[in-house]
Amino acid sequence: MLEMTREEFEELVAEALDRIPPELTRLMDNVAVFVEDEPAADDPELLGLYEGTPLTDRGEWYAGVLPDRITIYRGPTLRMCESREDVVAETEITVVHEIAHHFGIDDERLHALGYG
């Protein structure tokens, strides 16, 4: 398995977030991004997870709720990658994939766009 500290991985996630176009980040609403070492035991190879209500599903009822949560998982990413460059690329894909869920884009469409 490729070695990378939690701090190094968090920096890669932050860099991936910085590469999201500003016109999209301005539209993101009530969402927080976290890095965790491992996903739940029932899905050990999960790279990222979006939990919340996509922007497309929010209505008048949406007020006073906790932020949506995007979690990027370090362990599975490092296990699947062979080099630092692979980790950078996979992290960026995962960050974009989970942010797309915040915008209401489903897995089928993301796979078609190359963010599966």
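Bear in mind the structure is a predicted one, so any value in this text is a computation, not a measurement.

Caption draft 1: Local environment of the pattern of salt bridges. One pass over the structure, following the stated rule, counts 9 salt bridges. Close ionic contact of D29 with R58 constitutes a salt bridge, the shortest N to O distance being 3.3 Å. Taken together, the residues span a long stretch of sequence, with D29 in the loop between α2 (22-25) and β1 (31-36) and R58 in the loop between β2 (48-51) and β3 (68-73) at a distance of 29 residues. A salt bridge links R58 to D68, with the nearest nitrogen and oxygen atoms 2.7 Å apart. Residue R58 is found in the loop between β2 and β3, and its partner D68 is found in strand β3; the two are separated by 10 residues along the sequence. Judged by relative accessible area, which is 2%, D68 ranks as buried. Linked by salt bridges that have partners in common, R6, E10, D37 and R74 make up one network.

Scoring rules and cut-offs
Residues numbered from 1 in each chain as written. Predicted model: local features only at pLDDT ≥ 70, side-chain atom pairs only at ≥ 80, totals over all residues. Heavy atoms only, no water. Salt bridge = Lys/Arg side-chain N within 4 Å of Asp/Glu carboxyl O. Helix = DSSP H or I, 4+ residues; strand = E, 2+ residues; numbered from the N terminus. Buried < 20%, exposed > 50% of the residue type's maximum accessible area, 1.4 Å probe, protein only.

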